[in-house]
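Observations on the three-dimensional arrangement
Here are the chains, one letter per residue:
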Amino acid sequence: MSNLPESEAQKALQKESELSFTGWQQEVQQGLDCGLEAAESIKDRTISTFSRGELPHYAGINTFLKAPYLEDVKQVGNYDVAIVGVPHDSGTTYRPGTRFGPQGIRKISALYTPYNFELGVDLREQIKLCDVGDIFTIPANNEKSFDQISKGVAHIFKSGAFPIILGGDHSIGFPTLRGVCRHLGDKKVGIIHFDRHVDTQETDLDERMHTCPWFHATNMKNAPAKNLVQLGIGGWQVPRQGVKVCRERATNILTVTDITEMGLDVAADFAIEKATDGTDCVWISFDIDCIDAGFVPGTGWPEPGGLLPREALYLLKKIVQNTNVCGIEVVEVSPPYDVSDMTALMATRVICDTMAHLVVSGQLPRKQKPDYIHEEAQVVDQPWS
């Protein structure tokens, strides 16, 4: 047994010893300063009278991971990562409820600590994270909401903070990427899209709905269709109109069977190769329904036969650590249909893992603003009527 290679657990034990406690100590001190010292009967003097910070997990006001709430969004460039909610479900064509997705994800994120054992990452110690709250979306009006979303995402992206979007239905995929493209200049972005559905129709029910984001995104010069990679597509809910667009635009699709038969490493390498071919950065769009419906019941279009959670998380790890990621959105979490917060918890895991992989790969914290970000905004799409 002594000749076996060092285990992941042994490596994790060593990595933990190399992490600082500075961020935790600052949080404790702030809690004491702002929340009063505890009652005299409390022996642990790091505890305050009013709950401030991580503990207890069931108390406090829920931002994502209880990160600082940034009320003045003009200061977002002072942070490495900005969480922003997009409570929009007017693009839904069946089960509504994803407007409550940001709330649901934030609520269950309080269960997590900022430390991951296997990766040896402590987000509180290694990056500056903030939650800027939600985009002000307009109920029952997709296009006005899209304009709000694009403006908000463009502001965060331009600042240099890494944007993480809490959806919302998948119609937001177009306006979020449009916000990014407004500040790409002549640079290109690849899209890696985790989903059971292609979402490439031009319209659905005569509007740009959650089945349509990638038709309109790949109309933009900064987001070529040849760099759209779709992972996990399949089942009985893939409209033929969208399939026709994928065929005509030569996008890249892997079904769950493709992924399992070729193996996760080969599938990830395929996605990376296609998404990065001639591009400068990669946008990740993670629809929670890419995972088998048994694990994520709280979504608008649950489809059996999807990826297992471990498969999806492994693909995400390989992709994030080996591409120049410019942002991620996690969409289609619908708390009214969720069971024991299972779906929202999976979304939280996707987001936390993404941040950790960015730290491990040296992409966070950013030493300087990436050179693909351009200060001047540009028009990247045609007016919609």
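It should be noted that the structure appears before, not after, this text.
This section reports on the structure supplied with the text. Keep in mind that what you see is a predicted model, and the values were worked out from it rather than measured.

**Considering the nonpolar core**
One recurring pattern in soluble globular proteins: nonpolar side chains tend to sit buried together. Ranked by size, the top nonpolar core spans 56 residues in total, and within it Phe194 and Met355 carry the most contacts. Look past the residues within four positions of Met355 in its chain and what remains in contact with it is Phe64, Leu65, Val81, Leu123, Ile127, Leu129 and Ile164. Grouped together as the second largest cluster of nonpolar side chains are 35 residues, Ile149, Phe157, Leu177 and Cys326 included.

**Describing the packing of helix H11 (residues 309-321) against helix H12 (residues 342-360)**
Orientation of H11 relative to H12, taken along the N-to-C sense of each, is 30°, at an axis distance of 9 Å. Between H11 and H12, the angle is such that the two are roughly parallel. Considering how the two elements wind past one another, H11 and H12 form a crossing that is right-handed. On H12, the residues that touch Pro309, Leu313, Leu316, Lys317, Val320 and Gln321 of H11 are Met346, Arg349, Val350, Asp353, Thr354, His357, Leu358 and Val360. Of the residues belonging to the contact of H11 with H12, the class tally is 8 nonpolar, 3 polar and 3 charged.

**Here's the deal with the layout of surface pockets**
Quantified by volume, the largest pocket comes out at close to 880 Å³. If you go around the largest pocket, you meet 31 residues; those closest to its centre are Glu27, Gln30, Lys66, Ala67 and Pro68. Those elements that provide at least two residues to the lining of the largest pocket are helix H2 (22-35) and helix H4 (123-126). Ranked by residues supplied to the lining of the largest pocket, first place goes to H2 with 6 residues. Residues that form the lining of the largest pocket fall into these classes: 13 nonpolar, 11 polar and 7 charged. In terms of domain composition, the lining of the largest pocket takes at least three residues from each of domain 1 (20-60) and domain 2 (64-361). By volume, the second largest pocket is sized at about 340 Å³. Thr46, Ile47, Arg52, Leu55 and Pro56 are the residues nearest the centre of the second largest pocket, which is lined by 17 residues in total.

**Comments concerning the sheet that holds strand S10 (residues 325-331)**
One open sheet accounts for 8 strands, arranged S4-S1-S5-S10-S9-S6-S7-S8; its pairing is parallel. In this open sheet, the two edge strands, each paired with only one partner strand, are strand S4 (129-134) and strand S8 (252-255). The mean inter-strand angle of the sheet, taken between neighbouring strand axes irrespective of direction, is 15°. The sheet contact formed by strand S1 (residues 81-86) and S4 spans 4 bridges and is parallel. Bridged to Ala82 within S4 is Cys130. In the packing of H11 onto the sheet, the strands contacted are strand S6 (189-194), strand S7 (228-233), strand S9 (281-287) and S10, and the crossing angle to S6 comes to about 170°. Sitting on the sheet, H12 is in contact with S1, S4, strand S5 (162-167), S9 and S10, with an inclination near 170° to S10.

**Some details on the pairing of S6**
Burial of S6 is extensive: 6 of the 6 residues sit out of reach of the surface. Across the two faces of S6 the burial is the same, with Val189, Ile191 and His193 and Gly190, Ile192 and Phe194 all buried. Bridge analysis of S6 against S9 gives 6 bridges, and the strand direction is parallel. Note that in S9 the partner of Phe194 across the bridge is Phe286. Relative to S7, S6 is paired through 4 bridges, and the arrangement is parallel. Bridge pairing in S7 links Ile192 to Val229.

**What to know about the environment of Ala154**
Tracing the backbone through its elements, the reader meets Ala154 in helix H5 (residues 142-159). Along the chain, Ala154 and Asp44 lie 110 residues apart, while their C-alpha atoms are 44 Å from each other. With residues up to four places along the chain from it excluded, the contact list for Ala154 reads Gly179 and His183.

What counts and how
Residues numbered from 1 in each chain as written. Predicted model: local features only at pLDDT ≥ 70, side-chain atom pairs only at ≥ 80, totals over all residues. Heavy atoms only, no water. Core = buried A, V, L, I, M, F, W, Y, C linked by side-chain atoms within 4.5 Å. Buried < 20%, exposed > 50% of the residue type's maximum accessible area, 1.4 Å probe, protein only. Contact = heavy atoms within 4.5 Å. Axes fitted to C-alpha atoms, helices over the stretch in contact; angles between N-to-C directions. Helix = DSSP H or I, 4+ residues; strand = E, 2+ residues; numbered from the N terminus. Parallel < 35°, antiparallel > 145°, perpendicular 65-115°, else oblique. Left-handed = near helix turned anticlockwise from the far one by under 90°. Nonpolar A, V, L, I, M, F, W, Y, C, P; charged D, E, K, R; others polar. 1 Å grid on protein atoms, 1.4 Å probe; cavity = no way out; pocket = protein on both sides within 12 Å on 5 of 7 lines; lining within 4 Å. Points joined across faces, edges and corners; volume = space filled by probe spheres on them. Domains from an automatic or database assignment. Pairing = 2+ DSSP bridges.

Read these as spatial facts, not as claims about activity.
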